[in-house]
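# Commentary on secondary and tertiary structure
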Amino acid sequence: MKGFKKAFLKGIAVVMLASTLLGGAACGVSESGGGSGGGSDDSASTVIKVANFGGGIGRKWLDEAGNRFKELVKDKSYESGKKGVSFEVTHAIGVTCVNMNTQGYHIFFLQNKYSACVAEIQKGAVLDITDIVSEETLSDFGENVTIESKINENYRFAMKGNDGRYYMLPHYETQSGASYDVDLFEKEGFYIADGDQGTAYYCELTGQTHYFTNDSYNTKSVGNDGIRGTDDDGMPTTLNELVAMCDHMMDEGVVPFSVAGSHIDYTNYLIEGLWTALAGYEQRSAVVSHSGTVDYVTGISNVELWPGTGIYAPVTERAENLTSATGYKAINQAARYYAYAFIELAYQQGWIYEKYKESNYTHKEAMRAFILNGLSGFKKLGAHIEGSYWYNEAEGYNLFNDYKIFSGTGSTVKNIAHWHMPTSYGDDVVTGESNAREETVINGMTSTVMINGNLDDVSGNEGIIRACKDFLKFLSTEQELKNFTACTGVSKSLYSYTIDESVLSELDPYQQTIMRLRANNRVVNQYGDNATYRAKAGYMTYSISAQGFHPYFDGVEYYTPLQAYWKKGKNAWECFEVTGYSETKWMNEIYVAD
């Protein structure tokens, strides 16, 4: 893996076995998610009606791909008396697969919960696409391979129904965590320095002296990968390093994190990214796979994690050879508790910009404040909490043009990077390749593509069905996968394809940091191949809206532990416990025998 990383950093083509949502400079997004567009331009063509989810990656990628497909099949007849295809596109936040077969769309590009998609398949509302996935090659589009051969073999099952046939294709993936202002970190000296040089900072919370970069000493620590000169240099490798970094930032008048008050649940992106990095690939995957070994929490101790905070260390045990019957232990794993504990500490210390308490503080305003960051009277903010798709939305809102105006740089490109997360809640700081650790990342979405099953219910739809299937085949070609990423800055989930310089050159620096993050570390995709997951996927699939991140107290739902800390006075242990499972509750409510 390390040799692969070095090759990537030199700009050599890489193969992505799964994908990362970034946010694309070229692709616009509707703030309201509104309405229809791209209507049929030729009454003598076969019309493909498309429903496209209106957030995140926008629709320009779809319009451009549609135009290329139209040109390619302009002389092909799908229906008697007609040539070629045209598109009617509805691009809206409200696009959903629920009751798909009662809707008038043919193809759905979705950001639904996986469980909702599976439910539609189970009731027969989705078209079987096994023929174009595993039986036919892409020879009509210049490739003698199947779509199936391009999809990560470990997750092909997730695109199938209980009958073992294909009904879905993967769409896109997001990375959870936060994005930080590189120029601010450089100027203010917030990077962790290599060794014991630089600015000495005693952190009362950790009880340790930490060293940060300054004008005289700008050599950064090596980060999780143990390699100097890569994206994670100067970023924390342990939870205490993260605590010290935030404490140092606050001491210098910079609030470490911000999040939209209108979407306070976006805080869960930080929890999810931190949990995953601390857990590592095997333990985080165990939440859905119900296999392997996990360290899980059995209670709370009387030892404070950080003196004077009232946040206590967990009591843990190790569980080996997990099965679905003991799957609750994976949900109760220690890394999830430590992520909750860090958010409680951030709440206590004021490390999250106070506007999270204002429900009218929108995600657009939060993005703009972070982008302008200290300019034009804005507060200095270290990082913005949201899924990595946010950059694409900010481009769509033209917020980087505001940066160009106020910064005087003459450029709409701002130096932003992914915040690399710590990989240990101990004090085992990474010092080089000999003790390097992988920084596992997670796919925060279960985004899919499906064709409406009601097309199969009406005689005479054979031509429309073939046109829809051909379009999905076209989108799965190597060139179109690359075009998608070049346009959106987003990788296609689960697909294997080459991200080369022709793609990277189209991306802004932030998008490239996400690509390198994804290329150099494994991604946990939240699909489980067991009866319990298939029946109860919603209880084990974590996203910002997942009930696993929404604690209930006295019948009231809180959309993130942060909200429960603030509004209800609860603590990390209480939120962790109420969103976890006892053996009895798991066996009675969740477990399904294979």
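Residues numbered from 1 in each chain as written. Predicted model: local features only at pLDDT ≥ 70, side-chain atom pairs only at ≥ 80, totals over all residues. Heavy atoms only, no water.

## Let's talk about the sheet that holds strand β13 (residues 381-385)
With mixed pairing, four strands are arranged side by side in an open sheet as β10-β13-β7-β14. What marks the edges here is a single partner per strand, and that holds for β10 (255-258) and β14 (416-418). Averaged over all neighbouring strand pairs, the angle between strand axes comes to 25°, with direction disregarded. Direction of pairing for β10 relative to β13: parallel, over a ladder of three bridges. (Pairing = 2+ DSSP bridges. Helix = DSSP H or I, 4+ residues; strand = E, 2+ residues; numbered from the N terminus. Axes fitted to C-alpha atoms, helices over the stretch in contact; angles between N-to-C directions.)

## Comments concerning the confidence of the model for the chain
Interpretation of the predicted coordinates at a detailed level should be avoided for regions scoring low in pLDDT. Taken residue by residue, the chain gives an average pLDDT of 91. The fraction at 70 or more is 93%. Low pLDDT, under 50, characterises residues 1-40; the predicted model gives this stretch 161 contacts beyond four residues in sequence or across chains. (pLDDT = per-residue confidence, 0-100. Contact = heavy atoms within 4.5 Å.)

## Re the pattern of salt bridges
Opposite charge on two side chains allows them to pair when their charged atoms are near. Using the criterion set out here, one finds 31 salt bridges in the structure. In this structure, Glu188 and Lys380 form a salt bridge, with 3.1 Å as the shortest nitrogen-oxygen distance. Of this pair, Glu188 sits in helix α5 (residues 182-188) while Lys380 sits in the loop between α11 (363-372) and β13, placing them 192 residues apart in sequence. With a shortest N-O distance of 2.7 Å, Asp295 and Arg318 are connected by a salt bridge. Of this pair, Asp295 sits in strand β11 (residues 294-304) while Arg318 sits in strand β12 (residues 312-319), placing them 23 residues apart in sequence. Here Asp295 falls in the buried class, since its relative accessible area comes to 15%. The class of Arg318 is exposed, set by a relative accessible area of 55%. Taken together, the shared-partner salt bridges in this structure form one network comprising Lys76, Asp131, Glu136, Arg466, Lys469, Asp470 and Lys473. (Salt bridge = Lys/Arg side-chain N within 4 Å of Asp/Glu carboxyl O. Buried < 20%, exposed > 50% of the residue type's maximum accessible area, 1.4 Å probe, protein only.)

## Observations concerning the state of the cysteines
One covalent bond between the sulfur atoms of two cysteine residues makes up a disulfide. Enumeration over the complete set of coordinates arrives at zero disulfides. Here Cys246 stays free of any disulfide, with the sulfur of Cys203 as its closest cysteine sulfur at 9.6 Å. A relative accessible area of 0% means that Cys246 is categorised as buried. The cysteine Cys575 is free of any disulfide, with Cys246 supplying the nearest cysteine sulfur at 19 Å. Overall, the relative accessible area of 0% leaves Cys575 in the buried class. (Disulfide = S-S within 2.5 Å.)

## Topic: the pairing of strand β9 (residues 208-212)
As defined by bridge partners, strand β8 (residues 199-203) adjoins β9 across five bridges and the pair is classed as antiparallel. Across the sheet, Thr199 pairs through a bridge with Phe212, a residue of β9. Count of turn residues in the β8/β9 antiparallel hairpin: four residues, of which Gly207 carries a positive phi of about 70°.

## Description of helix α17 (residues 509-520)
End to end, α17 covers 17 Å across twelve residues, agreeing with the expected 16 Å (1.5 Å per residue, within 8%). Of all twelve residues that make up α17, ten are buried, and the element is covered over most of its length. (Expected span 1.5 Å × (residues − 1).)

## Overview of the domain arrangement of the chain
Each assigned domain of the chain is listed here: domain 1 (46-126 + 130-166 + 448-492) and domain 2 (175-443 + 530-594). Placing the centre of domain 1 and that of domain 2 at their C-alpha centroids yields a distance of 35 Å. Each partner contributes to the interface: domain 1 provides ten residues, whereas domain 2 provides nine residues. Of the roughly 660 Å² buried between domain 1 and domain 2 on both sides combined, carbon and sulfur atoms contribute 47%. Considering only the surface of domain 1 that becomes buried against domain 2, Gly56, Lys113 and Tyr114 emerge as the three largest contributors, covering 51% of it. Remark: the boundary between domain 1 and domain 2 carries two residue pairs in polar contact (both at pLDDT 80 or more). Of the residues assigned to the side of domain 1 that touches domain 2, the class counts are three nonpolar, six polar and one charged. (Domains from an automatic or database assignment. Buried area = accessible area lost by both parts, 1.4 Å probe. Polar contact = N/O pair within 3.5 Å; in protein donor to acceptor, adjacent residues only side chain to side chain. Nonpolar A, V, L, I, M, F, W, Y, C, P; charged D, E, K, R; others polar.)

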